[in-house]
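Spelled out, the chains give:
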Amino acid sequence: MSAATGTGSGRRRDARPASATTPLFDTLPRTTWIDVAVLTGLSLLAVAGFEPAFGHYAFAQAAIGGIVVGGGVALLGRLLRLSWPLTTVIALAAYFLFGTPLALPGQALYGVLPSLDSLSGLVIGAVFGWSDAVTLQAPLEAPPYVAVVPYVAGWLVSLVSVTLAVRWLPRVRRPSSGRAAVLLAGPALLLLAAILLGTRDAFFAGIRGVLFAGVALVWLAWRRARFARDRVETDSGVRRSRLLGGAAVVLGAVLVGALAGSVLAPPAASRFVVRDEITPPFDPLDYPSPLAGFRKYTKELQKTKLFTVTGLKQGQVIRLATMDSYDGVVWSVASPGSDSDASGAFELLGSTIPRPPLFTPGASSTAAIDVLGYSDVWLPTLGYTNTLTFDAHTGQDPTSTVRVNTATGTAAVTSGVRNGLAYTVGATAQKIPNDRALAKVPPAKLTLPSVTNVPDVVSAKAEEYAGSADTAIQKLRNIERSLKSLGYLSHGRASDPVPSRAGQGADRMTDLLSKSPMVGDQEQYPSAFALMARRLGYPTRVVMGFAPKVSGSTTTVTGDDVTAWDEVAFEGVGWVPFFPTPTKTDAPKNQTTKPKLEPQPQVRQPPPADPRAEDLLTPVKTKDNDPKDKASAFRLPVWAWVLLGVIGIPLLAYFIPLLIIAALKRRRRRKRESAGPPDRRAAGAWDELTDGYAELGLAVPERATRLQAAAALEEQSAAQDLPVPDGGLRDLARHVDAAVFDGSVVDEERVQHAWTTADDALTRATKAAGPLRARLAAFRYRRARRA
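Within any chain, residue numbers begin from 1 and follow the written order of that chain's sequence. Given that this is a predicted model, residues contribute local features only at a pLDDT of at least 70 and side-chain atom pairs are listed and counted only at 80 or more, while totals for whole chains, interfaces and linings are drawn from all residues. With hydrogens and water set aside, each side-chain value is computed from the structure's full complement of heavy atoms.

Could you give an account of the pairing of strand 5 (residues 361-371), naming the residues involved and the relevant values?
Pairs of strands are assigned from DSSP output, requiring at least two bridges between the strands. Working definition: helices are DSSP H or I runs of at least four residues, strands are E runs of at least two. Numbering for both runs from the N terminus. With 4 bridges connecting them, strand 1 (residues 305-310) and strand 5 associate as antiparallel partners. Pairing of T308 across the sheet is with D370, part of strand 5. Relative to strand 11 (residues 422-430), strand 5 runs antiparallel, the two being bridged by 8 bridges. Looking at strand 11, one finds that A368 is bridged to T424.

In structure tokens, the structure reads:
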């Protein structure tokens, strides 16, 4: 009886509601914990591949933290029996909560709490950090959100893999090793991503790869044995021997493979990484050539305070931009798509900037620069930059938009260098040996972008000025001395003793080297020197910058301090500067060719009025003797006046400005189409085209070559679905450049071809723009610019 009673009571205890006996946490089987441990270990092996890209294990905290956060949330959701949507929400919250101290500690509040900057960085890094990671130079230190890449990769892979291991794999109806292999997809993709985003210098690639494969194979073999035991009972000793035997074989293969992989690894040059296949985002050809705006500094900004420099030493020059590409029109900074290693590439770097490939370090210096009236994308620096720190800025943070070219010592800020920007630059100067030491050194064997459309007089003058010298340094010094002794300096200002035409194109080089006396400034003489040195086979480039007079600790740089010089590369030494611009300004005026003046139209003056004639006239008052005629005169009714006002005033306000602007446009076109020599009229066709596009609302770049303007207009037309001629606007730009600069006789057929092509392109673009935009363009008028 008592037994029955006990049994009954036991049954009643077993029949209690499940909620009363169900624990708060679920328990996971040992097999699942092993799965989680294997997946976590494989993920850690995979993220180790980020070391070459980030360097010095700076990524480890973010990568390992992401794996722990993602896997921890997946385990917690399963142990608490949370639904997968709720687990996803918790995972996103944990991503932002722990992402700040793990990936962006420098932007955290009190070192751990999220801030607006860190939260936005976690979003930007997850979306755009991947593209920056393959376009920026390793090690990746800036912008800060790049550190989010290993964090979000580890978080996502661990979250998905562990979720599949604890939720999906235990519930598979027909488990097999093939289904278990699905869990390896995440760590395998993470391993591949670390390889592709890395550099050519792999991080123990052979050992990591073989170890990854070995662990995965052992785990799959163990998983297969577990599935087989669940289906058929097998002797435990047999299972253990099979597993140990398989593990021994795999372990031996891992050891042999790791050793062979380390010894027989392929060379780094054959390694495929994405960063070698992607062009950096900054293209200097998108901006006007710095040297093309040289006369703007000497004329418009002559007395303008551009920036101040604290710590500048006497005789030290400020570097602005380095140009080594010439197309017969301007010197330009080489495109990132060129094959020249000597031109380098503009890349976003960290606080420490590597040295250039061809460089002999000299004196080091540090200076603080505060920008005042200067406005451009090129950042003034000293020598070859080692460190760059931004102290103050307005608008977008320059740390994410600065690009540095270590090969040329040039830096650019794509968001703009303007008033309010303050930064500190640490630089090392190039050590310059004396000419006696350089006489034993040959010029460096570098491949620079080719120079094209060079006039023949350059070759003749190069041989003449170089003379019979035996060494490269002697020939270069002879060319430098010849230009300085035969030439005269003039910026073309009204106060200069002799006039000087701006430009650096082929026609200006011919003018400089053919006429007597030779007159120009730092825009022409370094251009001529570089072309002559390149004709002799020496790697030469043109550098533009500033050479202020140092007074005190802080130096104010104005537009009058602008200058330019040349640099020639010598083997094992570096880039040696040359200054071919003369200093004397008293050129003989009787030998100087007078500038070509444009005749102004004569205006007939009205005859002078005789004031005495007005004194002879006296007003006469007359009496209206017929009031009936006045009373019976025709009068418009009030409603008619109202109607005329409502309709007529808007019509007058519409048509009068339209007629005036149309007349101005006809006058502008007639002047360009018929006035001046043929080459000027051909250039007028291009000016009419760019003015028409500007009136349609397109942005025409200022101080740009015709090819650069054509590229910008084609890009905007494609974005706005505006058609362009079959050959594109660049064909017209080349046609006009040839007519203006090649020195040949321009016939009327070439002029008419330019005008016909320009009119056709503008007509098609206006028609495609729509009636509303065409009407708005009719009310716009772009003032004709002086040639």
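Could you give me a rundown of the pairing of strand 11, with the residues and numbers involved?
Using a 1.4 Å probe on the protein chains alone, a residue whose accessible area is under 20% of its type maximum counts as buried, one over 50% counts as exposed, and one in between counts as partly exposed. Buried residues dominate strand 11, accounting for 7 of its 9 residues. As paired elements, strand 8 (residues 384-392) and strand 11 share 7 bridges and run antiparallel to each other. The residue of strand 11 that forms the bridge with T387 is G426.

Account for the environment of F294, with residues named and values stated.
Residue placement: F294 occurs in helix 13 (residues 294-299). In sequence terms F294 and G545 are 251 residues apart; their C-alpha atoms lie 9.8 Å from each other. Any two residues having at least one pair of non-hydrogen atoms within 4.5 Å are treated as being in contact. If we skip the residues at most four places from it in the chain, F294 touches H491, D521, Q522, E523, M544, V562, T563 and A564.

Requested: an account of the packing of helix 22 (residues 678-695) against helix 25 (residues 748-769), with residues and values cited.
Following both chains from N to C, one finds helix 22 and helix 25 inclined at 5°, their axes separated by 8 Å at the closest point. Classified by the interaxial angle, the pair formed by helix 22 and helix 25 is roughly parallel. In this structure, helix 22 uses P678, R681, A682, G684, A685, E688, L689, G692 and Y693 to contact helix 25, whose residues at the interface are E748, V751, A754, W755, A758, A761, L762 and A765. Just so you know the grouping, Ala, Val, Leu, Ile, Met, Phe, Trp, Tyr, Cys and Pro go in nonpolar, Asp, Glu, Lys and Arg go in charged, and all remaining residues, Gly too, go in polar. Of the residues that constitute the contact of helix 22 with helix 25, the class distribution is 12 nonpolar, 2 polar and 3 charged. For helices, the fitted axis covers only the stretch in contact; all axes are lines through C-alpha atoms, and the angles between them, taken along N-to-C directions, range from 0 to 180 degrees. Put simply, angles under 35 degrees are roughly parallel, angles over 145 are roughly antiparallel, angles from 65 to 115 are roughly perpendicular, and the rest are oblique.

Quick one: what's the story with unusual backbone geometry, residue by residue and with numbers?
Glycine aside, residues mostly have negative phi angles, and peptide bonds mostly take the trans form. With omega at 0°, the peptide bond leading from S516 into P517 counts as cis. When you line up the elements, P517 lands in the loop between helix 17 (506-514) and strand 13 (518-520). With a phi close to 55°, N453 is a non-glycine residue in the positive phi region. Relative to the elements of secondary structure, N453 occurs in the loop between helix 14 (435-438) and helix 15 (456-466).

Any details on the packing of aromatic side chains? Residues and values, ideally.
Aromatic contacts are taken between Phe, Tyr and Trp rings whose centres are within 6.5 Å, Trp giving its six-membered ring; a plane angle under 30 degrees counts as stacked, one over 60 as edge-to-face, and the others as tilted. Going through the model one piece at a time under the given rule, you end up with 12 aromatic pairs. Where Y297 meets F546, the ring centres are 5.7 Å apart and the plane angle is 80°; that geometry is what we call edge-to-face. Placement of Y297 in helix 13 and of F546 in strand 14 (residues 540-546) is noted, with a sequence separation of 249 residues between them. Assessed through its relative accessible area of 0%, F546 is described here as buried. Put simply, a charge is over a ring when the Lys NZ or the Arg CZ is close to the ring centre, within 6 Å, and near the line of the ring normal, within 35 degrees. Here the basic side chain of R541 rests over the ring of W575, its NZ or CZ set 3.7 Å away from the ring centre.

Describe the sheet that holds strand 17 (residues 574-578), listing the residues and the values that go with them.
Spatially, the 5 strands line up as an open sheet ordered 7-2-14-16-17, and their pairing is antiparallel. Each of the sheet's edge strands pairs with one partner strand only, and the pair in question is strand 7 (381-382) and strand 17. Here 5 bridges tie strand 16 (residues 562-570) to strand 17, and the two strands are oriented antiparallel to one another. Counterpart to F570 in the pairing with strand 17 is G574. Of the strands in this sheet, strand 16 and strand 17 touch helix 16 (residues 472-486), which is tilted by about 30° from strand 17.

An account of the pattern of salt bridges is needed here, citing residue identities and associated values.
The term salt bridge refers to a side-chain nitrogen of Lys or Arg lying within 4 Å of a carboxyl oxygen of Asp or Glu. With the rule as written, the count across this model stands at 24 salt bridges. The salt bridge partner of R764 is D760, with a shortest N-O separation of 4.0 Å. Taken together, the residues R764 and D760, both in helix 25 and 4 residues apart, mark about one turn of the helix. Residue R764 is classed as partly exposed on the basis of its relative accessible area of 32%. Because the salt bridges share partners, they merge into one network encompassing K665, R668, R672, E688, D691 and E695.

Describe the sheet that holds strand 6 (residues 376-379), with residues and values.
Ordered in space as 6-10-9, the 3 strands form an open sheet in which the pairing is antiparallel. Sheet topology places strand 6 and strand 9 (402-405) at the edges, where each strand pairs with a single neighbour. Ignoring which end each strand starts from, the neighbouring axes of this sheet average 25° apart. Inspection of the sheet shows strand 9 paired to strand 10 (residues 410-417) by 4 bridges, in the antiparallel sense. Along strand 10, the bridge assignment pairs R403 with A412.

Talk me through the nonpolar core; I want residue IDs and the actual numbers.
In this structure, W378 and F570 are the most contacted members of the largest nonpolar core, which totals 76 residues. If one sorts the elements of this core by residue count, helix 18 (residues 525-535) sits on top with 7 residues. Once residues lying within four places of it in the same chain are set aside, the contact partners of W378 are F282, P284, P288, P290, L320, A321, V333, F346, T410, A411, A412 and V417. Definition used in this section: a nonpolar core is a set of buried Ala, Val, Leu, Ile, Met, Phe, Trp, Tyr and Cys residues joined via side-chain atoms within 4.5 Å.

Before we move on, can you summarise a positive patch on the surface with the specific residues and values?
Only residues whose relative accessible area exceeds 30% and that form no salt bridge enter a patch; like-charged residues are grouped when within 9 Å of one another, and nonpolar side chains (Val, Leu, Ile, Met, Phe, Trp, Tyr) when within 5 Å. In short, Shrake-Rupley with a 1.4 Å probe defines the accessible areas, and a residue's cover is counted only from the protein chains shown. The charge count includes Lys and Arg as positive and Asp and Glu as negative, but it does not include His or the ends of the chains. Just so you know, the charge point we use is NZ for Lys, CZ for Arg, CG for Asp and CD for Glu. A surface patch of like charges, here positive, comprises R666, R667, R670 and K671. Inspection of the secondary structure assignment puts R670 in helix 21 (residues 638-674). Using a relative accessible area of 52% as the deciding quantity, one classes R670 as exposed.

So what's going on with the confidence of the model for the protein chain? Which residues, and what values?
Summary statistics for the protein chain give a mean pLDDT of 78 and a share of 75% for residues scoring 70 or more. Across residues 1-22, where pLDDT falls below 50, the model places 2 contacts with residues more than four positions away in sequence or in other chains. For every residue, the predictor states its confidence as a pLDDT score lying anywhere from 0 to 100. pLDDT under 50 marks residues 258-272. Its contacts with residues more than four places away, or in other chains, come to 17 contacts.

Provide a residue-level description of the side chain of E523, including the pertinent values.
Position of E523 relative to the elements: it lies in the loop between strand 13 and helix 18. Although E523 is buried, it makes no salt bridge; R295 carries the closest opposite charge, 4.1 Å away. In this structure the side chain of E523 is engaged in a polar contact, spanning 3.2 Å, whose partner is the side chain of Q504. Discounting chain neighbours no more than four positions away, the residues touching E523 are L291, A292, F294, R295, A502, G503 and Q504. Contacts described as polar in this section are N or O atom pairs within 3.5 Å, which, within protein, must combine one atom able to donate a hydrogen with one able to accept it, while residues neighboring in sequence count only if both atoms come from side chains.

So, the packing of helix 3 (residues 30-47) against helix 8 (residues 148-168): which residues are in play, and what are the values?
Packing of helix 3 against helix 8 leaves a shortest axis separation of 9 Å and a crossing angle of 160°. The angle between the axes of helix 3 and helix 8 places the two elements in the roughly antiparallel class. As helix 3 packs across helix 8, the resulting crossing turns out to be right-handed. Across the interface between the two elements, T32, D35, V36, L39 and S43 of helix 3 pack against V157, S161, V162, A165 and V166 of helix 8. Per-class residue counts for the contact of helix 3 with helix 8 are 6 nonpolar, 3 polar and 1 charged. Put simply, a crossing is left-handed when the front helix is turned counterclockwise from the back one by less than a right angle, and right-handed when it is turned clockwise.

Break down the side chain of S482 for me, citing the residues and quoting the values.
Locating S482 in the fold gives a position in helix 16. You can call S482 buried: its relative accessible area is 15%.

How would you sum up helix 23 (residues 706-719)? Please name residues and give values.
Taking 1.5 Å of rise per residue, 14 residues should cover 20 Å, and helix 23 covers 20 Å from first to last C-alpha, within 8% of that figure. Where helix 23 is concerned, the buried positions are R706, Q708, A709, A710, L713, E714, Q716 and S717. Considering only its buried residues, helix 23 is in contact with strand 4 (331-332), helix 22 and helix 24 (728-741). D721, located one to two residues past helix 23, shows a positive phi value of around 60°. Between the first and last residue of a helix there are one fewer steps than residues, each counted as 1.5 Å, and that sum is the expected span.

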